[in-house]
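# Per-entry structural report
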Amino acid sequence: MVSVTGEDSATDAALGAVPATPAAGSGIPLVELREVNKHFGELHVLRDITLSVEAGEVVVIIGPSGSGKSTLCRAINRLETIDSGTILLGGQPLPDEGKALAQLRSDVGMVFQSFNLFAHKTILDNVTLGPIKVRGVKPDQAREAAMTLLERVGVADQAGKLPAQLSGGQQQRVAIARALAMNPMVMLFDEPTSALDPEMITEVLDVMVALAREGMTMLVVTHEMGFARKAADRVIFMADGSIVEESTPEEFFTAPRTDRAKDFLSKVLLQ
Ligand SMILES: Nc1ncnc2c1ncn2[C@@H]1O[C@H](COP(=O)(O)OP(=O)(O)O)[C@@H](O)[C@H]1O
Ligand SMILES: [Mg+2]
């Protein structure tokens, strides 16, 4: 099994400042949204979203295109502002701007559909840049930690290459390593495999399953039911900006309660 986080003390030291993460069982959710609303002009994209993710939980968000899943992820990172409601990370409200916001962004690891690696930097530099620039880790230590992470996601042998020289699946695994290098308190994944060729999806999902098993707190937007069944503690089904269902993966996939979810699942299952 690929080990992604691990209790490697050399790595932890090299990663520098560790975010103030409430301990598992402390009762403080790592991510909490309370009655969050967001409009884009006339469009009400997030409607009274109330949701919390506890330390160590893996929550999968599923739903039709346009239902607000990406906006929700972006709001948690404050890449989007919200109109009303509250978002708390580790029990603290999101900072508005400045250094505190930069710190928050580095505490939340984000992996997008498009890998967003720096095209003109090597794989190794892509992973070390954040720890060096944002966390103030010494370059040697950052490189050592990055190599450990690249090893864990199975692409250490690609460290000297540029992103374009790697396959999509390899690039996405680098993107995961890059997010992990910041030692985030929570990882958000927004359709991380939907831009990949089918044969590369598994290698990325395997890394995510390993992360989940090692206790990483994860919020994952995906239609990959295999992943949801293997790794999710909860599935949230969104439609038209609202949370329509919230249940265990088993319940959701075998006995969805609403017509919206039944209709959506019948379409996804046909693919
Ligand atoms: N920056 C934006 N400006 C205007 N409308 C947007 C913007 N981003 C997203 N939308 C719209 O908000 C709705 C929700 O989008 P999104 O959160 O991307 O949904 P999903 O990720 O579930 O497909 C869609 O109708 C989309 O077109
Ligand atoms: Mg989306």
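Scroll up a little and you will see the structure.
Residues numbered from 1 in each chain as written. Chains lettered and ligands numbered in written order. Predicted model: local features only at pLDDT ≥ 70, side-chain atom pairs only at ≥ 80, totals over all residues. Heavy atoms only, no water.

### A short note on the packing of helix H4 (residues 123-133) against helix H6 (residues 168-180)
At a minimum axis separation of 8 Å, H4 and H6 run at an interaxial angle of 25°. The pairing of H4 with H6 is recorded here as roughly parallel in orientation. The way H4 lies across H6 gives a crossing that is right-handed. From H4, Ile123, Asn126 and Val127 reach across to H6, where they touch Val174, Ala177 and Arg178. For the contact of H4 with H6, the residue count by class is 4 nonpolar, 1 polar and 1 charged. (Axes fitted to C-alpha atoms, helices over the stretch in contact; angles between N-to-C directions. Helix = DSSP H or I, 4+ residues; strand = E, 2+ residues; numbered from the N terminus. Parallel < 35°, antiparallel > 145°, perpendicular 65-115°, else oblique. Left-handed = near helix turned anticlockwise from the far one by under 90°. Contact = heavy atoms within 4.5 Å. Nonpolar A, V, L, I, M, F, W, Y, C, P; charged D, E, K, R; others polar.)

### Considerations on the site of ligand 1
In the region of ligand 1, the neighbouring residues are Phe40, Leu43, Val45, Pro64, Ser65, Gly66, Ser67, Gly68, Lys69, Ser70 and Thr71. In this structure, Gly66 approaches ligand 1 through a main-chain N or O atom, which is 2.7 Å from an oxygen atom. The separation between an oxygen atom of ligand 1 and a polar side-chain atom of Thr71 is 2.5 Å. The biggest single contributor to the shell around ligand 1 is helix H2 (residues 69-76), with 3 residues. Across the shell around ligand 1, the residue classes break down as 4 nonpolar, 6 polar and 1 charged. (Near = heavy atom within 4 Å. Polar contact = N/O pair within 3.5 Å; in protein donor to acceptor, adjacent residues only side chain to side chain.)

### What about the packing of aromatic side chains?
Scanning the entire structure with this criterion turns up 3 aromatic pairs. Centroid distance Phe237 to Phe264: 5.5 Å. Interplanar angle 45°. Geometry classified as tilted. A residue pair is termed long-range when its members are at least 10 positions apart, and Phe237 in strand E9 (residues 234-239) and Phe264 in helix H10 (residues 259-270) qualify at 27 residues. Neither Phe237 nor Phe264 differs from the other in exposure class; each is buried. Pairwise contacts between aromatic rings join Phe237, Phe252, Phe253 and Phe264 into one cluster. Across the ring face of Phe118, the terminal group of Arg178 is positioned such that the distance to the ring centre comes to 5.6 Å. (Phe/Tyr/Trp six-rings, centres within 6.5 Å; stacked < 30°, edge-to-face > 60°. Buried < 20%, exposed > 50% of the residue type's maximum accessible area, 1.4 Å probe, protein only. Lys NZ or Arg CZ within 6 Å of the ring centre and 35° of its normal.)

### Regarding the side chain of Thr128
Relative to the helices and strands, Thr128 resides in helix H4. Residues contacting Thr128, with those up to four places away along its chain left out, are Ala142, Arg143 and Ala146.

### Observations concerning helix H5 (residues 139-152)
For an α-helix the count is 3.6 residues per turn, leaving residues at separations of three or four pointing the same way. Between its first and last C-alpha, H5 extends 20 Å over 14 residues, near the 20 Å set by a 1.5 Å rise per residue. A positive backbone phi angle near 80° is found at Gly154, which sits one or two residues after H5. (Expected span 1.5 Å × (residues − 1).)

### What to know about the side chain of Glu32
Positionally, Glu32 belongs in strand E1 (residues 31-40). For Glu32, a relative accessible area of 18% corresponds to the buried category. Only 3.1 Å separates the side chain of Glu32 from the side chain of Arg34, close enough to count as a polar contact. If near-sequence neighbours (up to four positions away) are discounted, Glu32 is found in contact with Leu51, Ser52, Thr86, Ile87 and Leu88.

### A look at the sheet that holds strand E3 (residues 58-62)
Backbone hydrogen bonds hold the strands of a sheet together, and the pairing may be parallel or antiparallel. A sheet is described by the order of its strands in space; here 6 strands give the open sequence E6-E7-E8-E3-E9-E10, paired in mixed fashion. Single-partner strands in this sheet number two, and they are strand E6 (108-111) and strand E10 (242-247). With strand direction ignored, the average angle separating the axes of adjacent strands in the sheet is 20°. Across 4 bridges, E6 lies against strand E7 (residues 186-190) in parallel orientation. Looking at the pairing, Val111 lines up with Phe189 of E7. (Pairing = 2+ DSSP bridges.)

### Quick word on the nonpolar core
Leu150, Ile176, Met187, Phe189, Met208, Met218 and Phe227 are the most contacted members of the largest nonpolar core, which has 53 residues in total. With 9 residues, helix H7 (residues 198-213) is the largest single contributor of residues to this core. Those residues in contact with Met208, other than ones at most four positions away along the chain, are Ile176, Phe189, Pro192, Met218, Val220 and Phe227. Counting 28 residues, the second largest nonpolar core, distinct from the first, contains Leu46, Val59, Cys73 and Val186. (Core = buried A, V, L, I, M, F, W, Y, C linked by side-chain atoms within 4.5 Å.)

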